[in-house]
Amino acid sequence: MPKDSTKHTNPSSKVPPNTSNQAINRFKKLQQKEILIDTIFKAIIAKDTAALSKGITLIESAQKNHTKKAQQLIEKCLPYANNSIRIGITGVPGVGKSTFIEALGNLLIEQGKKVAVLAVDPSSTISHGSILGDKTRMESLVRSTEAFIRPSPSGKSLGGVAQKTRESIILCEAAGYDVIIIETVGVGQSETAVHSMVDFFLLLKLAGAGDELQGIKRGIIEMADALVINKADGDNLLRAQKAKNQFRKALHLYPLSENDWSPEVLTCSALEGNGINDIWGMIMKFLKITSENGFFNKNRIQQNKFWLLQTIEEQLKSSFYNNPEVKAILDSKIEAVQQHKITPFAAARHLLDLNKKRKNTE
Ligand SMILES: Nc1nc2c(ncn2[C@@H]2O[C@H](COP(=O)(O)OP(=O)(O)O)[C@@H](O)[C@H]2O)c(=O)[nH]1
Ligand SMILES: [Mg+2]
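First, a word on scope: everything that follows refers to the structure included in this document. None of these values were measured; they are calculated from a predicted model.

**Remarks on the overall build of the protein**
Phase 1: Within the protein, the secondary structure is distributed over 14 helices and seven strands.
Phase 2: Across the 362 residues of the protein, 43% fall into the buried class.
Phase 3: The long-range share in the protein, meaning contacts at least 24 apart out of those at least 6 apart in sequence, stands at 77%.
Phase 4: On the protein, roughly 20300 Å² of surface is accessible, and the fraction owed to carbon and sulfur atoms is 56%.

**Re the site of ligand 1**
Phase 1: Near ligand 1 lie 17 residues; those nearest to it are Gly 94, Lys 97, Thr 99, Arg 137 and Asp 233.
Phase 2: Residue Gly 96 places a main-chain N or O atom 3.0 Å away from an oxygen atom belonging to ligand 1.
Phase 3: Against a free-state accessible area of 580 Å², the protein chains account for coverage of 77% of ligand 1.
Phase 4: Counting only elements with at least two residues in the shell around ligand 1, the list comes to helix 4 (97-110) and helix 5 (129-137).
Phase 5: The element contributing the most residues to the shell around ligand 1 is helix 4, with three residues.
Phase 6: Classifying every residue of the shell around ligand 1 gives five nonpolar, six polar and six charged.

**Overview of the pattern of salt bridges**
Phase 1: As enumerated under the stated definition, the model contains eight salt bridges in all.
Phase 2: When the shortest N-O distance is used, the salt bridge between Arg 150 and Glu 60 registers 3.1 Å. Remark: Glu 60 occurs in helix 2 (residues 49-60) and Arg 150 occurs in strand 3 (residues 147-150); sequence separation between them is 90 residues.

**Description of the pairing of strand 4 (residues 179-185)**
Phase 1: Burial analysis of strand 4 places seven of its seven residues in the buried class, which makes it a mostly covered element.
Phase 2: The side-chain alternation of strand 4 yields two buried faces, one formed by Val 179, Ile 181, Glu 183 and Val 185 and the other by Ile 180, Ile 182 and Thr 184.
Phase 3: Across seven bridges, the pairing between strand 1 (residues 85-91) and strand 4 is parallel. Of the residues in strand 4, the one forming a bridge with Ile 89 is Glu 183.

Definitions and limits used
Residues numbered from 1 in each chain as written. Chains lettered and ligands numbered in written order. Predicted model: local features only at pLDDT ≥ 70, side-chain atom pairs only at ≥ 80, totals over all residues. Heavy atoms only, no water. Helix = DSSP H or I, 4+ residues; strand = E, 2+ residues; numbered from the N terminus. Buried < 20%, exposed > 50% of the residue type's maximum accessible area, 1.4 Å probe, protein only. Contact = heavy atoms within 4.5 Å. Areas by Shrake-Rupley, 256 points an atom, 1.4 Å probe, with all protein chains shown as cover. Near = heavy atom within 4 Å. Polar contact = N/O pair within 3.5 Å; in protein donor to acceptor, adjacent residues only side chain to side chain. Nonpolar A, V, L, I, M, F, W, Y, C, P; charged D, E, K, R; others polar. Salt bridge = Lys/Arg side-chain N within 4 Å of Asp/Glu carboxyl O. Pairing = 2+ DSSP bridges.

Below is the structure:
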């Protein structure tokens, strides 16, 4: 018998006899929840933003029963997903990501598109302020009925935060958003996570004091489909153009990536709205090329494989570290290793065995 008989709950089925009031209440609640998922789903595909928000809240919840419900909702939405363009925007804090997204988002809405903005910012749990800052930079998007803006989910691990965003993309697509923009802070590993969930990855830069390549991580350049130098306005205009030329020369040295696309370098002023049209034109060109050569689909298939493996890893890690028996002795094991009382391998083996034993008795 499957453990989980809730899946087969039939709303018209009768309450089994000989059950206590408590059990009846539980049963009724279960039925309500069952209906709730379907109600949320139907409202989402009817493009209801309140339902979309509710669905994402369910995805972001840490409660076990919510996780199950969220998975059901995602599964229902999946046939309606996969039909948007997913764009990742990265860059150091202050480079103008939110301002840029506001400008690009408004342009797309003018073209009749619906735009969803999600964020992957593992640090936002600590600095709650950044969300408020972002919302003021995206004032007209926040007000637009054609835009949906969702701050970063809170979470301890980047993997967890990123997975929730990844799942939220599916809901946004089912709700009819044509372009999904993912903003991420240009620090740490979050770029890699976002790169693996988008079709086009754009790196925002500022014109520096001269040597433009200094301080730029090679890995990021290799991931970027475009490098855009923002704040090309006022006194900064000339410097931005110089920086553009330097970057173009430098990127020339990189081999063509497997998608037949060589990263482009452009300038813009997100604040004044200059250059945004050209950037969208470039993204359209990328989509044309990669759709024609099959890379677009191939990339999404590869990304799904990556997420499958990533989810398994996250799940295993979190069940290990949340295991109370592991938690209880982890610190003492670390100490023992540091004092050379035990080798790291023996300590690891002991902890893993402990976890395995518990799993087997569950
Ligand atoms: N001059 C100028 N300032 C800009 C531009 N884009 C953003 N800013 C300013 O830079 C600051 C940081 O912008 P924000 O969008 O919050 O950056 P984020 O941290 O990358 O999201 C704000 O004061 C913006 O007004 C631009 O194109 N030109
Ligand atoms: Mg921002």
